[in-house]
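What follows is each chain in one-letter form.
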Amino acid sequence: PNHPKALMALAELRAREGGKKEEVLELINRAVNADPTDKFPRLLLVDFYLHSKDNKLALSAAQSAVAAIPDSPEILDALGRAQLTSGDTNQALITFARVANLRPSSPLPQMRLAEANLLSKDKSAASQSLRRALEIKPDHLDAQRGLIRLNIDAKKYSDATAVARTIQKQRPKDQVGYQFEGDIAA
């Protein structure tokens, strides 16, 4: 009755069946309480609150998760996402920078930093984060798309076109690079 994975599976099943929010939440909380050091029930709880648009509860659940499991990149990422949705962009930037230090070979923390920088209207820092994401994974399409948008906003059309042509070389059978180049030309 107190097996965290079984409780999470039940919660997921109840959610899919259209079960009551309170019932799903109670199962997730039981999973968290069954093993407070298991990150997956805690992540599910934060995501549940984020999807329910309960930003304060998502932030509280994420902070509790970080207190229990302080060096988990996944938990810190959830905290950063909760901070962003709660409007605390500066704290989210600090949290995502910490995740980037824990996961230097992953482009995701750099993408999160770019998103947070855009929300704080720091396009230069967002561009740097996108470039770092591309250093880690040169064919990361979302980073390339973001860089193209920033270059268009800055009226750096030749830089945007260069990124689109890089996409064309990386994905010769895909039309996305050509679509980006067409959008830039327009």
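What you see is a predicted model, and the numbers here were worked out from it, not measured in a lab.

(A) Up close: the environment of Arg14. By the element assignment, Arg14 lies in helix α1 (residues 4-16). Taking C-alpha positions, Arg14 is 42 Å from Arg131, a pair spaced 117 residues apart along the chain.

(B) How the structure looks around the pattern of salt bridges. Taken as a whole and judged by the stated rule, the model has 14 salt bridges. Between Asp54 and Lys21 there is a salt bridge, and its shortest N-O distance comes to 2.9 Å. Here Lys21 lies in helix α2 (residues 21-34) and Asp54 lies in the loop between α3 (39-51) and α4 (55-68), a separation of 33 residues in the sequence. Under the relative-accessibility criterion, Lys21 is labelled partly exposed at 37%. Notably, a salt bridge pairs Glu74 with Arg103, separated by 3.0 Å at the nearest N-O pair. Here the residue Glu74 occupies a position in helix α5 (residues 73-85), and Arg103 occupies one in the loop between α6 (89-102) and α7 (108-119), the gap between them amounting to 29 residues. Classification of Glu74 by relative accessible area gives partly exposed; the value is 25%. Each of Asp47, Asp77, Arg81 and Arg112 takes part in salt bridges that share partners, so that together they form one network.

(C) Structural detail: the nonpolar core. Counting residues in each nonpolar core, the largest one holds 27 residues, and the members touching the most others are Ile28, Leu45, Val46, Phe48, Tyr49 and Ala82. Only α1, α2, α3, α4 and α5 provide two or more residues apiece to this core. Ignoring sequence-local partners within four residues, the contact set of Tyr49 consists of Leu25, Asp54, Leu57, Ala58 and Ala61. Counting residues in hydrophobic clusters, the runner-up holds 18 residues, among them Met111, Leu130, Leu141 and Leu150.

(D) How the structure looks around unusual backbone geometry. Positive phi, normally seen in glycine, also occurs at Lys53, with a value near 65°. Structurally, Lys53 is set in the loop between α3 and α4. Residue classification places Lys53 among the exposed positions, given a relative accessible area of 68%. Of note in this structure, Lys155 is not a glycine but carries a positive phi near 60°. Relative to the assigned elements, Lys155 resides in the loop between α9 (141-153) and α10 (157-170).

Calculation criteria
Residues numbered from 1 in each chain as written. Predicted model: local features only at pLDDT ≥ 70, side-chain atom pairs only at ≥ 80, totals over all residues. Heavy atoms only, no water. Helix = DSSP H or I, 4+ residues; strand = E, 2+ residues; numbered from the N terminus. Salt bridge = Lys/Arg side-chain N within 4 Å of Asp/Glu carboxyl O. Buried < 20%, exposed > 50% of the residue type's maximum accessible area, 1.4 Å probe, protein only. Core = buried A, V, L, I, M, F, W, Y, C linked by side-chain atoms within 4.5 Å. Contact = heavy atoms within 4.5 Å.

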